[in-house]
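An overview of the molecular structure
This is what each chain is made of:
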Amino acid sequence: MHKILSLPKETIKQSKLKSSILYMSNLEKEIQRRRTFAIISHPDAGKTTLTEKLLLFGGAIQVAGAVKSNKIKKTAASDFMDIERQRGISVATSVMTFEYKGMTINLLDTPGHKDFAEDTYRTLTAVDSVILVIDCVKGVEMQTEKLMEVCRMRNTPVIIFINKMDREGRDAFDLLDELEQKLQIKVRPLSWPINIGAQFKGVYKLYDKSLNLFEAGSQRNDKEAIAIDNLEDEILEELVGEKDANELREEVEMIEGVYDPFDEKIYQEAILAPVFFGSALNNFGVKELLDTFVNIAPEPGERETDKRVVHPEEDKFSGFVFKIHANIDPRHRDRIAFLRVISGTFERNRFFNHVRLDKKLKFSNPYSFMARSKNVVEQAYPGDVIGLYDTGNFKIGDTLTEGEKLMFQGMPSFSPEMFKELVNLDPMKTKQLEKGIQQLTDEGVAQLFTLQPGNKKVIGTVGELQFEVIQYRLKEEYKASCRFDALRFYKACWITTENEAMLADFINRKKGSIAYDKDNNVVFMAESKWMLDRACEDYEDLNFHFTSEFKLQQPVA
Ligand code: G4P
């Protein structure tokens, strides 16, 4: 029978950390105590509720009910904008930093609405691990699969939280099978539920052999677990009743026979996902999730650039922008660029190099997001996310360094799902419209393609709601009016090739389906899958890609 690797209460890592801390530089110390992650889920699985409970443990909020959901129930742009305003334009909740057990934890928010999935994909480039929330009634849902694809692409380690165990959900073993099949990842339960729904009694923590009895209630819950080293102990009957005690014994034996022991290294390589069961609403199972997270989640890691791999311990500062947030107040055109620090130390009022523009910039009011309020920060370390006021210098993917000319990779644009032609309704405001669309696409709200010949502006998005948001913001912020006319494109495919002559021939023959993206890359606007398949067959030296960053993905055919 397998022995489960135990995760001691005061972790080995933390005590090692304390003893070796004297020999480390300040930068190394700061790196070791940082964890940067995101919670991802299909809408309604419980992401907002879990976020709130984690913040309760971190002392960042005092009562449950303080975190506003970013769900958009009605899909109209004005609803979206209202919600954004109520939430303080999302800025305060975009990053939530809190302290827990001596660690600084940066939790990055991801939008709940599927039309903003691309925003979520980009946020995932700025984290080192994720917690995936699954609804035990619904199992793996569509959005979960898509999000996991992105995690797999980037080898992001995942911890799974199976939520809503207080509801009549599916069999735990069936859920684990489904996770393995649909998400293509090995799983390993670290806690195990005792019954479910109205009969849910609690969880047995497999890693430290203790029992956590379920109690409903939404506030901070850090009741001590009951140690049960030997499951044959009769105390189990007393605590959960004979039937459930016997069932737990059988199931634990099965788990230990079927699943490999938990191995932190394989988790960090993103091959194995530890699984917890609980109920976020009842703040149950959340503490063990958080305790395990601080034990095993990876510290801020290295990142690829176009030149070399950058390591967090390097003295020189570097970081990249993964999100830009517009200030929706039309009187202030300022935006906030969210920058993830990758190496070295960021300092307020120090000049750094904006690589794409080859321009020196300094920031007098960089934000940190401690305890859900914005504070001016003097220094920031790898893993941290800071908010930089921007008057139009930044676009998604921009890199700041101390002078080295390198650009971080892994900020791809994905092929949009919907395409529409942008039609200007007020020729007097052409300039404003162009500026507006330029800025909105810099923010990553949508993608802009210029169709050839004729320079038609095509806007591509992943959802209908974004078109409404663009129209609304162009009007409110730039006083420009536009209309969107539907276009029948299936995908935008970026092309690479060594065969320049074949590419020239392709461009010549596919007039009307060739466009250029914002960075002047050539893109094939395929009208159907059939057309794309034909192009792949007929032009075998051309590689067609569904993302703008080709290294991350094999060609589509
Ligand atoms: P999301 O951010 O992933 O979209 O989900 P959210 O946390 O908003 O949760 C979706 C719904 O599921 C909410 O109910 C929430 O209260 C409920 N929920 C979350 N965790 C649990 C749980 O452990 N058990 C049960 N039974 N329900 C849970 P709602 O009715 O949509 O919203 P609300 O009116 O309660 O805010």
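Thresholds applied
Per chain, the residues get numbers from 1 upward, laid out in the order the sequence is written. Reporting in this predicted model follows two pLDDT cut-offs: at least 70 for local features of residues, and 80 or more for side-chain atom pairs to be given and counted; totals over whole chains, interfaces and linings ignore these cut-offs and use all residues. Hydrogens and waters are ignored; side-chain quantities use all the structure's heavy atoms. Definition of nearness: a residue and a molecule or strand are near each other if at least one heavy atom of the residue lies within 4 Å of the molecule or strand. Distance and chemistry together define a polar contact, namely a pair of N or O atoms within 3.5 Å, with one atom able to donate a hydrogen and the other to accept it when in protein, and with adjacent residues in sequence counting only for side-chain atoms on both sides. Areas reported as accessible are Shrake-Rupley estimates using a 1.4 Å probe. Residue values count occlusion only from the protein chains shown. Secondary structure follows DSSP: runs of H or I at least 4 residues long count as helices, runs of E at least 2 residues long count as strands, and numbering of each begins at the N terminus. In this count, Pro and Cys sit with the nonpolar residues alongside Ala, Val, Leu, Ile, Met, Phe, Trp and Tyr, while Asp, Glu, Lys and Arg are called charged and the others, Gly among them, polar. Among buried residues, those of type Ala, Val, Leu, Ile, Met, Phe, Trp, Tyr and Cys that are joined through side-chain atoms within 4.5 Å constitute a nonpolar core. Accessible area is worked out with a 1.4 Å probe on protein chains only. A residue is then buried under 20% of its type maximum, exposed over 50%, and partly exposed in between. Marked domain ranges trace back to an automatic or database domain assignment. Note on definitions: a residue-residue contact is assigned when non-hydrogen atoms from the two residues lie within 4.5 Å. Note: two strands are recorded as paired if DSSP finds a minimum of 2 bridges between them. A fitted line through C-alpha atoms serves as each axis, taken over the contacting stretch for helices, and the angle formed by two N-to-C directions is quoted from 0 to 180°. A side-chain nitrogen of Lys or Arg and a carboxyl oxygen of Asp or Glu constitute a salt bridge if their distance falls within 4 Å. Residue-level confidence of the predictor is what pLDDT reports, using numbers from 0 through 100. Between 30 and 60 degrees the pair is tilted, below 30 it is stacked and above 60 it is edge-to-face, where a pair is any two Phe, Tyr or Trp rings, Trp via its six-membered ring, whose centres lie within 6.5 Å. Whether a charge sits over a ring comes down to the Lys NZ or Arg CZ being within 6 Å of the ring centre and within 35 degrees of the ring normal. Note: crossing handedness is left-handed where the near helix turns anticlockwise from the far helix by less than a right angle, and right-handed where it turns clockwise. A patch consists of residues exposed above 30% relative accessible area that lack any salt bridge, with like charges linked at up to 9 Å and nonpolar side chains (Val, Leu, Ile, Met, Phe, Trp, Tyr) linked at up to 5 Å. The sign given to each residue is positive for Lys and Arg and negative for Asp and Glu; His and the chain ends receive no count. For charged residues, the charge sits on one atom: NZ in Lys, CZ in Arg, CG in Asp, CD in Glu.

1. Brief notes about the site of the ligand
The immediate surroundings of the ligand are formed by 18 residues, with Asp44, Thr48, Thr49, Asp166 and Ser279 found nearest. Here an oxygen atom of the ligand and a backbone polar atom of Lys47 are 2.8 Å apart. Thr49 places a side-chain nitrogen or oxygen 2.5 Å from an oxygen atom of the ligand. With the chains in place, 69% of the 710 Å² that the ligand exposes on its own is no longer accessible. With three residues, the top contributor of residues to the shell around the ligand is helix 3 (residues 47-57). Taken together, the residues of the shell around the ligand break down into four nonpolar, seven polar and seven charged.

2. Focus on the nonpolar core
Core analysis: the biggest nonpolar cluster contains 65 residues, and Leu124, Val158, Ile160, Ile162, Leu179, Trp192 and Phe277 have the highest contact counts within it. For this core, the element with the highest residue contribution is helix 8 (residues 172-183), accounting for six residues. Residues lining this core come from more than one domain, with at least three contributed by each of domain 1 (32-296) and domain 2 (303-401). Sequence-distant contacts of Ile160, defined by excluding residues within four places in its chain, comprise Leu132, Ile134, Leu179, Val187, Ala273, Pro274, Val275 and Phe276. Phe37, Val133, Ile159 and Val294 belong to the second-largest nonpolar core, a separate cluster that totals 32 residues.

3. Some points on the sheet that holds strand 1 (residues 34-41)
In space, the seven strands of this open sheet follow the order 2-3-1-4-5-11-6, with mixed pairing throughout. This sheet does not close on itself; its edge strands, each paired only once, are strand 2 (95-100) and strand 6 (186-189). Neighbouring strand axes in the sheet, compared pairwise and without regard to direction, differ in orientation by 30° on average. When strand 5 (residues 158-163) meets strand 11 (residues 272-277), the two strands line up parallel, connected through three bridges. By the bridge assignment for strand 11, Ile162 is matched with Phe277.

4. Observations regarding the environment of Ala515
Mapped onto the elements, Ala515 comes out in strand 29 (residues 514-516). Distance in space between the C-alpha atoms of Ala515 and Trp494 is 9.7 Å, their sequence separation being 21 residues.

5. Some points on the pattern of salt bridges
Summed over all chains, the structure comprises 39 salt bridges. Note that Glu443 is salt-bridged to Arg473, the shortest N-O span being 3.0 Å. Taken together, the positions of Glu443 in the loop between helix 13 (430-442) and strand 25 (447-452) and Arg473 in helix 14 (residues 464-478) put the pair 30 residues apart, joining distant regions of the chain. Of the two residues, Glu443 and Arg473, neither departs from the other in class, the shared state being buried. Arg483 is paired through a salt bridge with Asp485; the nearest N and O atoms lie 2.9 Å apart. Under the relative-accessibility criterion, Arg483 is labelled partly exposed at 39%. Here the residues in one salt-bridge network are Glu30, Arg33, Arg34, Glu99 and Asp384, joined through shared partners.

6. Focus on the confidence of the model for the protein chain
Averaged over the protein chain, the pLDDT score is 85; the fraction of residues at 70 or greater is 84%. Per-element confidence in the protein chain ranges from a low mean pLDDT of 50 for helix 1 (residues 12-20) to a high of 98 for strand 5. Low pLDDT, under 50, characterises residues 69-78; the stretch is placed with 26 contacts to residues that sit more than four places away or in other chains. The model gives residues 87-92 a pLDDT under 50, and that stretch makes 18 contacts with residues more than four places away or in other chains.

7. A look at the side chain of Asn106
Looking at where Asn106 falls in the secondary structure, it is placed in strand 3 (residues 103-108). Excluding residues within four positions of it along the chain, Asn106 makes contact with Arg35, Thr36, Phe37, Met96, Thr97, Gly383 and Asp384.

8. So, the packing of aromatic side chains
Considering all chains together, one arrives at 24 aromatic pairs under this definition. Ring centres 4.7 Å apart and planes at 45° place the aromatic pair Phe173 and Trp192 in the tilted group. Here Phe173, found in helix 8, pairs with Trp192, found in strand 7 (residues 191-194); they are 19 residues apart in sequence, far enough to count as distant. Comparing Phe173 with Trp192 shows no difference in burial state: the two are buried. Their ring planes at 45° and their centres at 4.4 Å tell us that Phe317 and Phe352 sit as a pair that is tilted. Taken together, the residues Phe317 in the loop between strand 13 (309-310) and strand 14 (318-326) and Phe352 in strand 17 (residues 352-354) connect sequence positions 35 residues apart. Just as Phe317 is buried, Phe352 falls in that class too. Three or more aromatic residues link up through ring pairs in this structure, and these residues are Phe317, Phe346, Phe352, Phe363 and Phe394. For Lys491, the ring lying beneath its charged end belongs to Tyr490, and the centroid distance is 5.8 Å. A cation over a ring is seen here: Lys491 above Phe546, with NZ or CZ 5.0 Å from the ring centre.

9. A short note on the sheet that holds strand 7
Taken together, the four strands give an open sheet; going across it, the order is 7-8-9-10, and neighbouring strands pair in antiparallel fashion. Strand pairing shows two members of the sheet lacking a second neighbour, strand 7 and strand 10 (226-227), which therefore form its edges. Two elements, strand 9 (residues 210-213) and strand 10, share two bridges in a ladder whose sense is antiparallel. Within the sheet, the bridge partner assigned to Leu211 lies in strand 10 and is Ile226. Running at roughly 150° to strand 7, helix 10 (residues 242-258) makes contact with strand 7 and strand 8 (202-205) of the sheet.

10. Description of helix 6 (residues 117-124)
In an α-helix, one turn spans 3.6 residues, which is why side chains three or four residues apart end up on the same side. Of all the eight residues making up helix 6, eight are buried; the element is thus mostly covered by neighbouring parts of the structure. Elements that come into contact with the buried residues of helix 6 comprise strand 1, strand 3, strand 4 (129-135), helix 7 (142-153), strand 14 and strand 25.

11. A word on the packing of helix 6 against helix 7
The interhelical angle for the contact between helix 6 and helix 7, taken along N-to-C directions, is 35°, at an axis separation of 10 Å. When you trace helix 6 past helix 7, the crossing you get is right-handed. For the pair helix 6 and helix 7, contact is made by Ala117, Thr120, Tyr121 and Leu124 and by Gln143, Lys146, Leu147, Val150 and Cys151, respectively. Partitioned by chemical class, the residues of the contact of helix 6 with helix 7 number six nonpolar, two polar and one charged.

12. Side note on a negative patch on the surface
A cluster of like negative charges, contributed by Glu28, Glu299, Glu302 and Glu313, occupies part of the molecular surface. Following the sequence through the fold, Glu299 ends up in the loop between helix 12 (286-296) and strand 12 (303-304). Residue class for Glu299 comes out partly exposed when judged on its relative accessible area of 30%.

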